[in-house]
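Chain and residue survey
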Amino acid sequence: MATPVQLGFSIPVEDGDDDPSPYLGHESPYWSNWDGGKVGGQPSYLNPRDVPNPIRCLECDNHDEASNSNSTMRLACQLYCPADDVGNENAYHRSIYVFVCGCPQSKTSEPTSQGEASQTESACGGVRVLRCQLPKRNEFYPYDGKESESESESSGVWEKHRTAFWEGNERCQEAFCESELVVEEEPCEEDDEHEHDDNDTDKNDNISFNLNGKSDADLEQADFNEIVRGANAKTAALNNDDETTIDFLTRIELAKDQVLRYSRWPEVTNVDDDENVQNGPLWISSTRVPTHTDIPTCIHCGSERKFEFQLMPQMIHYLLGNENKDADDKHEGHNDIDWGTVAVYTCTSSCDGPKSDANLSNTLGSYVEEFAWRQPPL
């Protein structure tokens, strides 16, 4: 059976609310409230105590040894994606964080693996990915995921570390626009043909997008074209002989406003397994596509890494919001983010990383680095 594809959609956060929503990321100590994740904003760390230092762009640091504040990356998105079915009880709670940088080097660099020497596993076009996990019974969150008197101590520990994090100004860097990440199963072509006509009012129509005064239709017809390829994206696609590009544009027609595609570790047993191949990474072109040998194994346990999810070019629209029009010079590099897609590969054992607390990274804390492959835009 094919691994189903889940699509992520960006839902704007209400303006004027300075406090993080209790339903965004892990801003509630009760995990029954956690769902999906979020796009942009400050990271909401699963382990609120052993948090990483501000994430540095390795492309910037390699280019400028002196480095500066511009090499600090911003959160693109975070996902709550438990993996308690892989045989590791410590992965009952599991979150993945994707950080990006818009530096010029990120658009020309080749993916490299640096995991042999350190926890810093990959430098791939100004993208870094961190994973964190916890067992169901832990010191931060109530066991049953709900508020109760017997679990008040664990929520108190969570609140202590959460407050310390938000009071640490050195950790709260510039952030992209924040929105909620809502997940739904990808519609099939039959659904699109029979259920999504002009008069349809199914559940997908309840997702309301209205950024910068633009309606859903405006986003689909104008912004989407510009994000994917430019103003003439559809015309160019008709004249494009790259079947991969045509397949990409055809597939996302089912839900043009998707910002993320999730299909953890789809099994492909042979080249004729078309259904699972289609549920793997959806590449925007046939160039700069990784081979099996390009994806490094986990440096901690040696397990194979496989595709788990990808960022779509539509996400950039929601990350930048008004910034792409109003950015000042000092933030220009951050706002110049660009990708065709970013595919994230994770350890298929969802291992715990360093074997003991003594081996925790000085820069990443309890967070383990995974691998990302950035494919440039068309």
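Here's what I pulled together on the structure shown here. (Residues numbered from 1 in each chain as written. Predicted model: local features only at pLDDT ≥ 70, side-chain atom pairs only at ≥ 80, totals over all residues. Heavy atoms only, no water.)

The subject of this paragraph is the environment of Gly8. Mapped onto the elements, Gly8 comes out in strand β1 (residues 6-12). Sequence separation between Gly8 and Lys38 is 30 residues; the distance between their C-alpha atoms is 9.5 Å. Apart from residues lying up to four places away in sequence, Gly8 is in contact with Leu181, Val182, Asp257, Gln258, Val259 and Leu260. (Helix = DSSP H or I, 4+ residues; strand = E, 2+ residues; numbered from the N terminus. Contact = heavy atoms within 4.5 Å.)

Here the structure, examined in full by the defined rule, presents 11 salt bridges. For the salt bridge of Arg264 with Asp85, the shortest nitrogen-to-oxygen distance reads 2.8 Å. Pair noted here: Arg264 is in the loop between β9 (260-262) and α7 (274-278) and Asp85 is in the loop between β3 (74-80) and β4 (93-100), with a separation of 179 residues, a long-range link. By relative accessible area, Arg264 is classed as buried at 16%. Ionic pairing is found between Glu370 and Arg131, a salt bridge with its closest N-O pair at 2.7 Å. Placement of Glu370 in strand β12 (residues 368-375) and of Arg131 in strand β7 (residues 127-134) is noted, with a sequence separation of 239 residues between them. Exposure remark for Glu370: the relative accessible area of 0% places this residue in the buried category. (Salt bridge = Lys/Arg side-chain N within 4 Å of Asp/Glu carboxyl O. Buried < 20%, exposed > 50% of the residue type's maximum accessible area, 1.4 Å probe, protein only.)

As a further point, take the state of the cysteines. As used in these notes, a disulfide is a covalent bond between sulfur atoms, one from each of two cysteines. For the coordinates displayed, the defined rule picks out zero disulfides. No disulfide involves Cys301; its nearest neighbouring cysteine sulfur is the one of Cys347, lying 3.6 Å away. (Disulfide = S-S within 2.5 Å.)

Enumeration over the complete set of coordinates arrives at 10 aromatic pairs. In this structure, Arg74 is placed above the aromatic ring of Phe176, and the distance from its NZ or CZ to the ring centre is 4.6 Å. In this structure, Arg264 is placed above the aromatic ring of Trp265, and the distance from its NZ or CZ to the ring centre is 4.8 Å. (Phe/Tyr/Trp six-rings, centres within 6.5 Å; stacked < 30°, edge-to-face > 60°. Lys NZ or Arg CZ within 6 Å of the ring centre and 35° of its normal.)

If you look at the biggest cluster of nonpolar residues, it comprises 27 residues, and the most contacted ones within it are Val98, Leu260, Phe309, Leu311, Met315 and Trp339. Elements with a contribution of two residues or more to this core: β3, β4, β7, β9, β10 (305-311), α8 (314-320) and β11 (341-347). The element contributing the most residues to this core is α8, with five residues. In contact with Val98, other than residues within four places in its own chain, are Arg74, Leu75, Ala76, Cys77, Val127, Arg128, Val129, Phe309, Leu311 and Val344. (Core = buried A, V, L, I, M, F, W, Y, C linked by side-chain atoms within 4.5 Å.)

Before going further, it helps to examine the pairing of β11. Taken across its seven residues, β11 has seven buried, putting it largely inside the fold. Relative to β12, β11 is paired through five bridges, and the arrangement is antiparallel. Counterpart to Val342 in the pairing with β12 is Arg374. (Pairing = 2+ DSSP bridges.)

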